[in-house]
Structures are given as structure tokens and as C-alpha cells.
Amino acid sequence: MTDASTAPTLVVGLGCQRGCPASTLRALLDQALQAHQIGLHQIKALASIDLKRDEPGLIELAEQLALPLMFFNSEQLAGYQSRLSHRSDIAFERTGCYGVAESAALALAEQQNQAPAKLLIPRQKYAQATLALAGTA
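Reference entry: report on the structure contained in this document. Residue numbers here run from 1 along each chain, matching the order of that chain's written sequence. Since the coordinates come from a predicted model, pLDDT governs what is reported: local features require at least 70, and pairs of side-chain atoms require 80 or more to be given and counted, while whole-chain, interface and lining totals use all residues. Calculated side-chain values reflect all of the structure's heavy atoms, with hydrogen atoms and water omitted.

## Remarks on the packing of helix α1 (residues 22–35) against helix α2 (residues 56–65)
Spelled out, the test is: As a rule, the C-alpha atoms of each element are fitted with a line to give its axis, helices using only the stretch in contact, and angles between N-to-C directions run from 0 to 180 degrees. By definition, any uninterrupted DSSP run of H or I lasting at least four residues is a helix, any uninterrupted run of E lasting at least two residues is a strand, and each is numbered from the N terminus. Orientation categories follow fixed angle ranges, with anything under 35 degrees roughly parallel, anything over 145 roughly antiparallel, 65 to 115 roughly perpendicular, and all other angles oblique. When the near helix sits turned anticlockwise from the far one by under a right angle, the crossing is termed left-handed; a clockwise turn instead gives a right-handed crossing. Should any heavy atoms of two residues lie within 4.5 Å, those residues are considered in contact. Residues are grouped as follows: nonpolar covers Ala, Val, Leu, Ile, Met, Phe, Trp, Tyr, Cys and Pro; charged covers Asp, Glu, Lys and Arg; every other residue, Gly included, is treated as polar.
One can describe the packing of α1 onto α2 by two numbers: an axis separation of 8 Å at closest approach and a directional angle of 60°. One way to sum up the angle between α1 and α2 is to call them oblique. The handedness of the crossing between α1 and α2 is right-handed. Side by side, α1 and α2 meet where A22, L25, R26 and L29 of the first sit next to G57, L58, E60, L61, Q64 and L65 of the second. Here the residues of the contact of α1 with α2 are counted per class, giving six nonpolar, two polar and two charged.

Have a look at this one:
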């Protein structure tokens, strides 16, 4: 069992289409965590792009989980382009960055830990949403 002080701080990055329900985001989260044997209690925060600041599904999911939801602008997220497992031209056209979920997860993990983060779960796509999980060991 890992000591709490050495346990990685895990954060989830989310991207979604407009109107994506919280239930879809939650299903994706549960599926990804189960597949990687990560407990929901290990997740410290959620992140997305600032264009989704008013997205009801994201806000509802954060409230359900009682987790902070942080937002980054496309310039902040663009800096993570070289570290993405998947680059989406469509995402770039719409948001100015090549991957919202992975970039947001990396940005938040590094901001919270003041240390380099790595993707622990690369981009997962499900229905109208994408998810990535990042952490620092």
C-alpha cells in the first residue's frame, strides 16, 4: 500500500460536445477508472478548457463528485501539444489546442503539484466526451 505522501495526485481532464450530459461524463469516468483499477477517491480535481466554463454536464459532474473544476485557456493547453497521445485537427479548429482532455489533465496536475506530470490514462473517447487522467508520482 502506498503512503499518502507518496501517492500520486491524480486529476482528470475532460472534453465534451455541447450539451453532453453529466451521466455520459460519469459513465466514461467510471469505465476508465475501473479499467485502470483507480479509486474515485484518488481523483483530486477535474479540468477542461475555458470554452466549457458554462457547460452544464461538466458543472453537474463536479458537483456530484464534490471536486473542484478548473479551466485553462487554449494558449495554456497548447504548450502540452508535444506530450499528447492523440492530436485532433477538429479539436484544434474548434478550440485552438490539439487535445482538450489530455492537455487539461497535464496542466492541472502540474499546477497542483509544481512538478512534471505524466498521462496515466491517455485519451479515452466515449459518445460525446473525451477523458484523460494525469498525475505526478
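## A few points about the pattern of salt bridges
The cut-off we apply is this: Between Lys or Arg on one side and Asp or Glu on the other, a salt bridge is scored when a side-chain nitrogen of the former is within 4 Å of a carboxyl oxygen of the latter. Exposure classes here rest on a 1.4 Å probe applied to the protein chains alone. A residue is buried below 20% of its type maximum, exposed above 50%, and partly exposed in between.
On inspection of all chains with the given rule, the structure shows four salt bridges. With its nearest N and O atoms 3.3 Å apart, the salt bridge here joins R18 to D54. Here D54 lies in the loop between β2 (43–49) and α2 and R18 lies in the loop between β1 (9–16) and α1, a separation of 36 residues in the sequence. Of the residues examined, D54 reaches a relative accessible area of 54% and is grouped as exposed. A salt bridge links R26 to D30, with the nearest nitrogen and oxygen atoms 3.0 Å apart. Of this pair, R26 and D30 both sit in helix α1, separated by four residues, roughly a single helical turn. Taking relative accessible area as the criterion, R26 reaches 26% and is therefore assigned partly exposed. Among the residues examined, D30 registers a relative accessible area of 33% and is labelled partly exposed. Shared partners join several salt bridges into a network, and the residues in it are R18, D54 and E55.

## Quick look at the sheet that holds β1
Keep this limit in mind: Two strands are said to pair when DSSP picks up at least two bridges between them.
If you trace the five strands from one edge of the open sheet to the other, you get β3-β2-β1-β5-β4, paired in mixed fashion. Of all strands in the sheet, those bounded by a partner on one side alone are β3 (69–72) and β4 (118–126). Neighbour to neighbour, the strand axes of the sheet diverge by 25° on average, direction disregarded. Sheet topology note: the β4/strand β5 (residues 129–136) ladder contains six bridges and is antiparallel. The residue of β5 that forms the bridge with K125 is T130. Lying over the sheet, α1 contacts β1, β2, β4 and β5, oriented at roughly 130° with respect to β4.

## Points about the packing of aromatic side chains
What counts here: The criterion for an aromatic pair is that two Phe, Tyr or Trp rings (for Trp, the six-membered ring) have centres within 6.5 Å, with stacked assigned to planes under 30 degrees apart, edge-to-face to planes over 60 apart and tilted to the rest.
Within this structure, the stated rule accounts for one aromatic pair. Taking the centre distance of 4.4 Å and the plane angle of 15° together, the rings of F92 and Y98 count as stacked. Exposure remark for F92: the relative accessible area of 36% places this residue in the partly exposed category.

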